[in-house]
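Report on the structure
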Amino acid sequence: MYEMVTQHLRRHKYKIVVGLPMAVLLASSLSLVRDPEQICVVPKDNRYVTVGEPVTLEVTANSEQPINVISASLSYPDDLISIASTSKINSIITLWSEEPKSEDGVVHFSGGIISPTGFSGTGTVITLH
């Protein structure tokens, strides 16, 4: 049995070496490995930002399934980036268990959505300036 397996592996080693990584990449690109819920940080006006330029970033949630609670810690290099303020205006969060705050290179927040159906779709969680 052992000889048969080793012979099979020797005969098909190139197919395995090339095929296995391709299968993993295909599975990850088809969202078979990733969770459907995502948190993204994007510039508010959806543009490229240059060094030294002030920018407003939106932390957005994207979910196909209804969600009730969001909590995150976003770390950044505080010697390169400074967060002047955080805003929860127009947020999908209706009840904050921890107000958004930025200190020592980390933005942390958590809260919930008071709704019988939760939240699904794409919406702004907090805004960073």
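Sequence order as written defines residue numbering, which begins from 1 separately in each chain. Predicted model: local features are reported for residues with pLDDT of at least 70 only, side-chain atom pairs are reported and counted for 80 or more only, and whole-chain, interface and lining totals are derived from all residues. Based on all heavy atoms of the structure, the side-chain values leave hydrogens and waters out of the count.

**What to know about the overall build of the protein**
What counts here: Numbering of helices and strands runs from the N terminus, with a helix taken as a DSSP run of H or I at least four residues long and a strand as a DSSP run of E at least two residues long. Burial classes: relative accessible area under 20% of the type maximum marks a residue as buried, over 50% as exposed, and values in between as partly exposed (1.4 Å probe, protein chains only). We call two residues in contact whenever any of their non-hydrogen atoms come within 4.5 Å of each other. Surface accessibility follows the Shrake-Rupley procedure with a 1.4 Å probe radius. Residue values consider only the protein chains on display as shielding.
Tallying secondary structure elements over the protein gives two helices and seven strands in all. Scored against the burial criterion, the 129 residues of the protein give a buried share of 26%. Looking at the protein alone, contacts between residues at least 24 apart form 62% of all its contacts between residues at least 6 apart. When the accessible surface of the protein is totalled, it reaches about 9,400 Å², and 59% of it is carbon and sulfur.

**Brief notes about the nonpolar core**
Rules: In this description, a nonpolar core means a group of buried Ala, Val, Leu, Ile, Met, Phe, Trp, Tyr and Cys residues linked to one another through side-chain atoms lying within 4.5 Å.
The biggest cluster of nonpolar side chains holds 16 residues, and the ones touching the most others in it are I70, I92, I93, F109, V125 and I126. Only β2 (57-67), β3 (69-75), β6 (106-112) and β7 (119-128) provide two or more residues apiece to this core.

**Thoughts on the confidence of the model for the protein**
This is how it is decided: What pLDDT reports is the predictor's confidence in each residue, on a scale of 0 through 100.
For the protein, per-residue confidence averages 78 on the pLDDT scale, and 77% of positions sit at 70 or higher. Confidence drops under pLDDT 50 across residues 30-34; counting only partners more than four residues distant or on other chains, this segment forms five contacts.

**Re the sheet that holds strand β5 (residues 95-103)**
The condition is simple: Two strands pair if DSSP finds at least two bridges between them. Fitted lines through C-alpha atoms serve as axes, helices being fitted only where they are in contact, and the angles separating the N-to-C directions of these axes extend from 0 to 180 degrees.
The strand order β3-β6-β5 describes an open sheet built from three strands, whose pairing is antiparallel. A single partner strand is all that each edge strand has here, and the edge strands are β3 and β5. Each strand axis lies, on average, 5 degrees off the axis of its neighbour in the sheet, ignoring direction. Relative to β6, β3 runs antiparallel, the two sharing seven bridges. Counterpart to A72 in the pairing with β6 is F109.

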